[in-house]
Structures are given as structure tokens and as C-alpha cells.
Amino acid sequence: MKLLAFDTSTDQLSIAIQHGERIWQHQGAGGAQSSSTLIPAVQQGMQALGLHYGELDAIAFGRGPGSFTGLRTSCAIAQGLALGAGLRLLPIDTLLAMAEEARQQHGCTDLLAVLDARMHEVYHAGYQYADGRWRETRELGLCAPEALSVPAGLPVVGNAHAAYPEQLAPGATHLHALPTATALLRLAPQCMADGGLVDAIDALPRYIRDKVAKTTAEREAEKLAAAQPTAPAA
């Protein structure tokens, strides 16, 4: 297969291009920097493998959840490349890519994937790998790190433990993993077989949190509420 894959949902920019058995990889700083470095890096990789965009079978990208800026960047660039080359897109869940990376790095086949969502919250989803494919065991959700329940013996994989070492499942086994473009390449055949290919216009980021900032009025209302004296107990 000939595939281009990239993920900008975290602080790491990850790109991978597959041409048969050859794979070109690149990692760099994500976040706001990915908007200026993603396209030049992709062009470098395509040239290294002697590929033209029109030769690709698809473009896979991490659709989220994750950094809002990163997800918008990834989706917009994927759409632009696909429209220019007449390609279809393969949006893949970020936490599924984390699960696949944990399987590759640590041999995990039954796990809880947890991604730092900032604002003292974490994204989470459960996955189990069997018969050569992943299935979801816990629906994607968002909660405070201390509110996350983890079944006994189930490893927690991702990047959230570093941010919340005391609050996040203190009794669980924690393994570091990030969503990588090579994980997207490994997931692509299953996702394509499951009908995951979409037209560029239908490819959208997956947001779980509807709101990332409070308005000035909301912040002022919170300050006023905090300043109110507490009524004495009866």
C-alpha cells in the first residue's frame, strides 16, 4: 500500500509515509508549530520515497480527541492534500492510535487509553486486541483524573500520568504511549476494511469537549461567587 499518515493531536508531530515495505518517518514539535512544519516535512518524505500525492491509496490522520489547534491543523491539511490529489481520507481516533502504539511498545492487548485533555481533565477509552483487530470496550469519554475508574489489573496507557501522577488511578500500572503516525499506518488496513474512508469534505475532527475557554462574564461570575461569605451551618 501507499499511505501518508500524520498526527498533531499532542505536543508531538508525527508523520509516516508507506510505500510498500518502505516507511519514512518524522517526529517533531507539535502544537502551534505543526501548522508551519507539517507540509514541508510531508513533502520531504514524499520526495524521499519518490512518491506523488496522486499515487497514494489514502491519507490517514489522527482525528482526535486532542489539542484543538492540532486537530484543526491536521484535518485542514489532510483535506487540502486530498482535494488537490483526488484522494479519500481515513480519520482515525487518537486514543485508538495510542492503544496500537502501546501494543507495539509494551505488548498490551487489553487496556485503558488515557490522554491529557488539559484543564484538569483526561480523555479515556478502553480497547481490547484479539484476532488481529481492535474493539472498543469502553466508550470514549472525558472526566477529571481522580474520577477515572480503572478495573483491577488493567494497564493505563497514554501521557496523562505524567501530568496527574497522584490523582490518576494511583493503584494502576501506567505505561507511556503517544499516538504515532506509524500506529496509524498499522491501523489503516482494519479501518479501511471497516469502511472508514471518507471524502475530504466529510472528514472532521472529533471533539469531546465542547468548550475550552470561559468568557469574561463567566470568570467574573465565578469570582463573585467565590467572594460571597459562606452561610453558617445550621
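Described in the following lines is the structure provided in the data block. Within any chain, residue numbers begin from 1 and follow the written order of that chain's sequence. Per-residue local features of the predicted model are confined to residues with pLDDT of at least 70, and side-chain atom pairs are confined, for both listing and counting, to 80 or more; whole-chain, interface and lining totals are unaffected and use all residues. To obtain the side-chain values, all non-hydrogen atoms of the structure were included, while hydrogens and water were left out.

Let's talk about helix 1 (residues 34-48)
In step 1: Elements are defined by DSSP. Helices are runs of H or I of four residues or more, strands are runs of E of two residues or more, and each kind is numbered from the N terminus. One less than the number of residues in a helix, times 1.5 Å, gives the span that helix is expected to have. Counted at 1.5 Å a residue, the expected span for helix 1 with its 15 residues is 21 Å, and the 20 Å between its end C-alpha atoms agrees.
In step 2: Ser34, Leu38, Ala41, Val42, Gly45 and Met46 are the residues of helix 1 that are buried. Across the axial projection of helix 1, the buried residues extend over an arc of 135°, all falling on one side. Exposed and facing more than 90 degrees away from the buried side of helix 1 are Ser36 and Gln47.
In step 3: Once helix 1 ends, the next one or two residues include Gly50, with phi positive near 65°. Partly exposed residues are those whose accessible area sits between 20% and 50% of the maximum for their type, while under 20% is buried and over 50% is exposed, using a 1.4 Å probe and protein chains only. Read the arc as the range of directions from the helix axis to the C-beta atoms.

Re the sheet that holds strand 4 (residues 58-64)
In step 1: Any two strands with at least two DSSP-identified bridges between them are counted as paired. Taken in spatial order, the five strands of this open sheet run 3-2-1-4-5, and their pairing is mixed. Each edge of the open sheet is held by one strand with a lone partner, namely strand 3 (22-29) and strand 5 (89-93). The sheet shows a mean angle of 15° between the axes of neighbouring strands, taken without regard to direction.
In step 2: In terms of strand pairing, strand 4 meets strand 5 through five bridges, oriented parallel. Across the sheet, Ala60 pairs through a bridge with Leu90, a residue of strand 5.
In step 3: Note on definitions: a residue-residue contact is assigned when non-hydrogen atoms from the two residues lie within 4.5 Å. An axis is simply a line fitted to the C-alpha atoms; with a helix, the fit covers only the stretch in contact. Between two such axes, the angle follows the N-to-C directions and lies from 0 to 180 degrees. Running at roughly 20° to strand 2 (residues 12-19), helix 1 makes contact with strand 1 (2-7), strand 2 and strand 3 of the sheet.
In step 4: Strand contacts of helix 3 (residues 94-106): strand 1, strand 4 and strand 5, with the helix running at about 75° to strand 5, the strand carrying the most contacts.

A closer look at the environment of Ala200
In step 1: Relative to the helices and strands, Ala200 is located in the loop between helix 5 (181-193) and helix 6 (216-227).
In step 2: The class for Ala200 is buried, based on a relative accessible area of 4%.
In step 3: In this structure the C-alpha to C-alpha distance between Ala200 and Gln79, which are 121 residues apart in sequence, comes to 5.0 Å.
In step 4: When neighbours within four sequence positions are excluded, Ala200 is seen to be in contact with Gln79, Ala82, Leu83 and Leu89.

A few points about the sheet that holds strand 6 (residues 110-116)
In step 1: If you trace the five strands from one edge of the open sheet to the other, you get 8-7-6-9-10, paired in mixed fashion. For this open sheet the edge positions go to strand 8 (133-143) and strand 10 (174-176), each flanked by a neighbour on one side alone. Strand-to-strand, the axes of this sheet are offset by a mean angle of 25°, without reference to chain direction.

Describing the layout of surface pockets
In step 1: In this structure, the second largest pocket spans a volume of roughly 290 Å³.
In step 2: Points on a 1 Å grid, built from protein atoms alone, make a cavity when a 1.4 Å probe fits but cannot get out and make a pocket when they are open with protein on both sides within 12 Å along at least 5 of 7 lines; residues with an atom within 4 Å of a point are the lining residues. Considering the residues around the second largest pocket, the lining is formed by 16 residues, among which Arg63, Pro91, Ile92, Asp93 and Cys191 are closest to the centre.
In step 3: Looking at the lining of the second largest pocket, the elements that each hand over two or more residues are strand 5, strand 8 and helix 5. Grid points are joined across faces, edges and corners, and a volume is the space filled by probe spheres set on the points.

Some words on unusual backbone geometry
In step 1: In this model, Gly64 is joined to Pro65 through a cis peptide bond whose omega is 5°.
In step 2: Counting through the fold element by element, Pro65 comes out in the loop between strand 4 and helix 2 (68-85).
In step 3: If you check the backbone angles, Met119 has positive phi at about 50° while not being a glycine.
In step 4: Here Met119 shows up in the loop between strand 6 and strand 7 (122-130).
In step 5: At Ala169, a residue that is not glycine, the phi angle is positive and equals roughly 35°.
In step 6: Assessed through its relative accessible area of 10%, Ala169 is described here as buried.

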